[in-house]
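Letter by letter, the chains look like this.
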Amino acid sequence: MTLYDLANPTRFLKLVKAVLPWIIVATVAAFAVGLYFAFFVAPEDYQQGQTVRIMFVHVPAAQLALMCYAMMALSSIGSLVWKHPLADVSAKASAPIGAAFTFLALFSGAVWGKPMWGTFWVWDARLTSFLVLLIMYLGIIALWKAIEDPIKAAKVNAIITLVGMINVIIIKFSVEWWNTLHQPPSIIRADGPAIHSSILIPLGLMALAFVLLFVTLHLMSMRNEIMRRRIRAMRMRAASVAPAASSSTVTKAAPAGAR
Amino acid sequence: MVVSGAMTQLKLVCLSVACDRGGRRVLNHVDFEVGSGEALIVQGPNGVGKSSLLRVIAGLVAKANGTIELEGGVHERSVAEHSHYFGHLDALKPLQSVLENLSFWRDFFEPAVFGGGKVRESMSELEALDTLGIAHTASLPAGYLSAGQRRRLSVARLLVVPRPIWLLDEPTSALDKASEDVLLELIAEHIQVGGLVVAATHLPLNLPNTRFLKLLPVTSESEYMFAGTDLDDYFDEDE
Amino acid sequence: MNWMKVLFIREYQLANRVGGGALIGVLFFLAVVTIFPFGVGPDMILLSRIGAAILWIGALLATLLGLDRLFQADREDGSLELLVMSGRSLELVVLIKCAAHWAATGLPLVLATPILSLFVGLDFRSVVLVTLTLLVGAPALTLVGAVGAGVTVSMRRGGVLLSILVIPLAIPILIFGVSAATAGAIDSNNFFVPFLFLCALTLFGLVVGPLAAAAALRVSGD
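Residues numbered from 1 in each chain as written. Chains lettered and ligands numbered in written order. Predicted model: local features only at pLDDT ≥ 70, side-chain atom pairs only at ≥ 80, totals over all residues. Heavy atoms only, no water.

## Notes on the interface of chain A and chain C
Here is step 1 of the chain: Counting residues at the interface gives 26 residues for chain A and 28 residues for chain C.
Here is step 2 of the chain: A combined buried area of about 2,300 Å² lies between chain A and chain C, and 85% of that area is made up of carbon and sulfur atoms.
Here is step 3 of the chain: Ranking the residues of chain A by area buried against chain C places Lys152(A), Ile159(A) and Trp177(A) at the top, with a combined share of 25%.
Here is step 4 of the chain: Connecting chain A to chain C are zero salt bridges.
Here is step 5 of the chain: For the pair chain A and chain C, the number of links is zero residue pairs in polar contact (both at pLDDT 80 or more).
Here is step 6 of the chain: Among the elements of the structure, helix H5 (125-146) and helix H6 (150-182) of chain A are those that each provide at least two residues to the side of chain A that touches chain C.
Here is step 7 of the chain: The element best represented in the side of chain A that touches chain C is H6(A), accounting for 17 residues.
Here is step 8 of the chain: Its residues assigned to classes, the side of chain A that touches chain C shows 20 nonpolar, four polar and two charged. (Contact = heavy atoms within 4.5 Å. Buried area = accessible area lost by both parts, 1.4 Å probe. Salt bridge = Lys/Arg side-chain N within 4 Å of Asp/Glu carboxyl O. Polar contact = N/O pair within 3.5 Å; in protein donor to acceptor, adjacent residues only side chain to side chain. Helix = DSSP H or I, 4+ residues; strand = E, 2+ residues; numbered from the N terminus. Nonpolar A, V, L, I, M, F, W, Y, C, P; charged D, E, K, R; others polar.)

Here it is as structure tokens:
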């Protein structure tokens, strides 16, 4: 099976159907093992106590938030350069998942921040960057919803996603610069200089589980979007079919329907 | 009649042109050719893609398939750059005067002749306004014009900038009988000096050297993007 | 080259004639600056400390205000179609439209800045710095905003969405602009480092803004 075959929506659906159950099983298994390690194997932090375990959700969620944007940017290149509808679908499916992971990273960060910093929110460089990232995700989702024509929406979103991709890097840099300007660099770094393997292994397992979760959600979301578009196509076709009585009399002049 | 431009003949050739809009194929396998001194009248019922075809030729809408070539045109210039597009919208700024509106498009397009085909020498702005019977409005804001006058001012753009191909979308809409006759005369003149016209209309236009292209609705199911026959593709077999 | 001049003049005239032109933006700027003391209190010391930020945020919001009409008016009356198919480089058309828009609405904001800075109690040196950074940075706001304007051109009420999309992109501009404006002295590294970053962002906007906005406008023909 070549990449070109994959790019056909019907073949893609068949593939999803075959693969998805296995990926779901793998995701559940990875979470079971990962959570077990996170809760029962990884040691308490000598300073933070149990709260350090939030890290096992927070760090993978943050990674996924960025990975989702990368996925969206890659798909955007696909829809601009190759104009492939499946790339559009992939980009559209990524946005809400990315927003959810970004929110999760922010939320877990805030919950973790309360015991650590004594406050739910600080304008720390990372938190701020992620807040901006969340706004970008939500803006992109809003743009998807605002344009009815999915093909046009895809192109416009691809443009703003790619401009955003360049800007994410600039924002990251500028926010870090801004942060060191306004605050002493003594803010607690979540991960110390060296991470012990007793933490690294559960963290790696959780990262794997999150990646699998992303793949599951992305495939499901793409499948749903293809279905949605298929329904849209069926409805448009229904609108373009002439009423039975008149279609027999004027075959050639059947109205082509709304555009 | 003054004629300028090289003496080469132009020929607009469309082969197997297809166009998707809103995830739906509105044009499929459209073939035609039309040469200098000819008019192509695109006919068909509402929503059949007449406007889309003109917009594809004008480069405003990407074609999904096929080729559109201009034989005898300037090689490195697109079909759109040889063309005037006269659509439903007048492209007028109500706060600017009639003359300012017209002069802007003249200066913006200039120089507009890329050789190839014969084109009537362009008129001056006032000449064009006079021909269309709206010279008296030249210094007034375009917002004061009636719908018919705005339409005529929009036509004036085709006269002050010489371009060999005219793409006309329902050119006679919003015009009264007298203005319609003037416009048809101008189009006929454009054809006679060697211009090339593609017009979408459902009215009979009385033009010389006319060819007709009848568009039929795209009916095949496969012409819908993402169209499988139904959702069973996914839920078939074991469910 | 004549077509660029003609386009610039027309865009400039239209920007000035439509909806109050430059005045409306400056009025909005004034309104935003006026509302801050009511929020933070009439403490002149505090105001002078955050004055540069107030002016920058006011200018950012005033710039966003008029951007939704940048291409939309042309789309509604059919001019955009002609601009796209004219054979002129659409990127240059966008750039010229941005330049004219900035000259008509951005430049008056910069000129109003020294006067408005009196209200927030800035000293002379700060007034110079804020005005200078706005002069360099405001074009970047317009150029980044043009991307948002291009993307939302086909929407009936795209103004709010435009702001949501553009504000994240404008954050780096705001960071370096305000940092340079509050540096205190023009000959220090505290000023030069962010100021040069600000210049870089404007140059960056000169490239990315027209490219992305033109790409979005080409799509809008569909």
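## Some details on the environment of Gly148(B)
Residue and element names in this part refer to chain B.
Here is step 1 of the chain: Mapped onto the fold, Gly 148 is located in helix H4 (residues 147-160).
Here is step 2 of the chain: Since its relative accessible area comes to 17%, Gly 148 is described here as buried.
Here is step 3 of the chain: On a C-alpha basis, the gap between Gly 148 and Leu 53 in space is 25 Å, while along the polypeptide they are 95 residues apart.
Here is step 4 of the chain: Excluding anything up to four places from it in sequence, Gly 148 contacts Ala 174 and Leu 175. (Buried < 20%, exposed > 50% of the residue type's maximum accessible area, 1.4 Å probe, protein only.)

## Remarks on unusual backbone geometry
Residue and element names in this part refer to chain B.
Here is step 1 of the chain: At His 29, a position not held by glycine, the phi torsion is positive, near 50°.
Here is step 2 of the chain: Along the chain, the position of His 29 falls in strand S3 (residues 24-35).
Here is step 3 of the chain: For His 29, a relative accessible area of 54% translates into the label exposed.
Here is step 4 of the chain: One non-glycine residue with positive phi stands out, namely Asn 209, at about 50°.
Here is step 5 of the chain: By secondary structure assignment, the location of Asn 209 is in the loop between strand S9 (196-200) and strand S10 (210-214).

## Description of the side chain of Ser86(C)
Here is step 1 of the chain: Relative to the assigned elements, Ser86(C) resides in the loop between helix H5 (79-85) and helix H6 (90-119).
Here is step 2 of the chain: Its relative accessible area of 4% is what places Ser86(C) among the buried residues.
Here is step 3 of the chain: Leave out the neighbours within four places in its chain, and Ser86(C) touches Glu81(B), Phe108(B), Phe109(B) and Arg163(B).

## Considering the packing of H5(A) against helix H8 (residues 159-181) of chain C
Here is step 1 of the chain: Here H5(A) crosses H8(C) at 150°, and the two axes come no closer than 9 Å. For the element pair H5(A) / H8(C), the angle class is roughly antiparallel. For the pair H5(A) and H8(C), the sense of crossing is left-handed. On H8(C), the residues that touch Val132(A), Ile135(A), Met136(A), Gly139(A), Ile140(A), Ala142(A), Leu143(A) and Ala146(A) of H5(A) are Leu161(C), Ile164(C), Leu165(C), Pro168(C) and Ile171(C).
Here is step 2 of the chain: Residue classes in the contact of H5(A) with H8(C) are distributed as 12 nonpolar, one polar and no charged. (Axes fitted to C-alpha atoms, helices over the stretch in contact; angles between N-to-C directions. Parallel < 35°, antiparallel > 145°, perpendicular 65-115°, else oblique. Left-handed = near helix turned anticlockwise from the far one by under 90°.)

## Describing H6(C)
Residue and element names in this part refer to chain C.
Here is step 1 of the chain: Compared with an ideal rise of 1.5 Å per residue, which puts 30 residues at 44 Å, H6 spans 42 Å between its outermost C-alpha atoms and is within 8% of the ideal.
Here is step 2 of the chain: The largest bend in H6 comes to about 45°, at Thr 113, with the proline Pro 114 one to four residues further on.
Here is step 3 of the chain: Gly 121 occupies a position one or two residues after H6 and carries a positive phi of about 65°. (Expected span 1.5 Å × (residues − 1). Bend = angle between axes of the 7 residues up to and from the residue.)

## Notes on the pattern of salt bridges
All names here are of chain A.
Here is step 1 of the chain: The full count for this structure, using the stated rule, is 20 salt bridges over all chains.
Here is step 2 of the chain: Between Lys 172 and Glu 176 there is a salt bridge whose closest N-O contact spans 2.4 Å. One end of the pair, Lys 172, and the other, Glu 176, are both in helix H6, four residues apart, so they sit about a helical turn from each other.
Here is step 3 of the chain: When its relative accessible area of 37% is taken as the criterion, Lys 172 is described as partly exposed.
Here is step 4 of the chain: For Glu 176, a relative accessible area of 36% gives the class partly exposed.

## Overview of the sheet that holds S3(B)
Residue and element names in this part refer to chain B.
Here is step 1 of the chain: Read across the sheet, three strands follow the order S3-S2-S5 without closing on themselves; strand pairing throughout is antiparallel. In the strand order of this sheet, the two ends are held by S3 and strand S5 (65-71), each with one partner. Direction aside, neighbouring strands of the sheet carry axes that sit 15° apart on average.
Here is step 2 of the chain: Note: strand S2 (residues 11-21) against S5, six bridges, orientation antiparallel. Considered in S5, the bridge of Ala 18 is made with Asn 65. (Pairing = 2+ DSSP bridges.)

## Quick notes on the interface of chain B and chain C
Here is step 1 of the chain: With 30 residues of chain B at the contact, the number on the chain C side is 28 residues.
Here is step 2 of the chain: Our count for the chain B to chain C interface comes out at three salt bridges.
Here is step 3 of the chain: Note that Glu81(C) is salt-bridged to Arg55(B), the shortest N-O span being 2.7 Å.
Here is step 4 of the chain: Scanning the region where chain B abuts chain C turns up eight residue pairs in polar contact (both at pLDDT 80 or more).

## Re the nonpolar core
The tendency in soluble globular proteins is for nonpolar side chains to be buried as a group.
Here is step 1 of the chain: If you look at the biggest cluster of nonpolar residues, it comprises 161 residues, and the most contacted ones within it are Leu143(A), Leu153(B), Ile187(B) and Phe71(C).
Here is step 2 of the chain: Sort the elements by how many residues they give to this core and helix H7 (residues 124-151) of chain C lands first, with 13 residues.
Here is step 3 of the chain: In this structure Leu153(B) touches Leu92(B), Val98(B), Leu102(B), Leu129(B), Ile134(B), Ala142(B) and Leu145(B), once residues within four positions along its chain are discounted.
Here is step 4 of the chain: Judged by nonpolar contacts, the second largest core, of 33 residues, contains Val61(B), Val198(B), Ala200(B) and Leu215(B). (Core = buried A, V, L, I, M, F, W, Y, C linked by side-chain atoms within 4.5 Å.)

## What about the sheet that holds strand S6 (residues 83-86) of chain B?
Residue and element names in this part refer to chain B.
Here is step 1 of the chain: Read across the sheet, five strands follow the order S6-S8-S9-S4-S10 without closing on themselves; strand pairing throughout is parallel. The open sheet has two free edges, formed respectively by S6 and S10, since each of these has just one partner strand. Taken pair by pair, the neighbouring strands of this sheet meet at an average axis angle of 15°, ignoring direction.
Here is step 2 of the chain: Sitting on the sheet, helix H1 (residues 50-57) is in contact with strand S4 (38-43), S6, strand S8 (165-169), S9 and S10, with an inclination near 150° to S8.
Here is step 3 of the chain: Relative to the sheet, H4 contacts S6 and S8, its axis offset from that of S6 by approximately 175°.

## Concerning the pairing of S9(B)
Residue and element names in this part refer to chain B.
Here is step 1 of the chain: Within S9, five of the five residues are buried, which leaves it mostly tucked inside the rest of the structure.
Here is step 2 of the chain: Neither face of S9 is exposed, since Leu 196, Val 198 and Ala 200 on one face and Val 197 and Ala 199 on the opposite face are all buried.
Here is step 3 of the chain: Here S4 pairs with S9 via five bridges, running parallel. Bridge assignment links Glu 38 to a residue of S9, and that residue is Leu 196.
Here is step 4 of the chain: Across five bridges, S8 lies against S9 in parallel orientation. Considered in S9, the bridge of Leu 167 is made with Val 198.
Here is step 5 of the chain: Between the parallel pair S8 and S9, the chain is carried across by helix H5 (residues 177-192), and the sense of this crossover is right-handed. (Right-handed = clockwise from strand over helix to strand, strands pointing away.)

## A word on the packing of aromatic side chains
Here is step 1 of the chain: If you walk through the whole model with that rule in mind, you get 20 aromatic pairs over all chains.
Here is step 2 of the chain: Counting every residue linked through ring pairs, the aromatic cluster contains Phe104(B), Trp105(B), Phe108(B), Phe109(B) and Trp3(C).
Here is step 3 of the chain: The ring of Phe104(B) is capped by Arg10(C), whose NZ or CZ atom sits 3.9 Å from the centre of that ring.
Here is step 4 of the chain: In this structure, Arg10(C) packs its charged tip against the face of Trp105(B), placed 5.3 Å from the ring centre. (Phe/Tyr/Trp six-rings, centres within 6.5 Å; stacked < 30°, edge-to-face > 60°. Lys NZ or Arg CZ within 6 Å of the ring centre and 35° of its normal.)

## Section: a nonpolar patch on the surface
Residues and elements named next belong to chain A.
Here is step 1 of the chain: Together, Leu 35, Tyr 36, Phe 39, Phe 40 and Val 41 make up an exposed nonpolar region whose accessible area comes to about 530 Å².
Here is step 2 of the chain: Examined against the element boundaries, Val 41 turns out to sit in helix H2 (residues 9-41).
Here is step 3 of the chain: For Val 41, a relative accessible area of 40% gives the class partly exposed. (Patch = residues over 30% accessible without salt bridge, like charges linked within 9 Å, V, L, I, M, F, W, Y side chains within 5 Å. Areas by Shrake-Rupley, 256 points an atom, 1.4 Å probe, with all protein chains shown as cover.)

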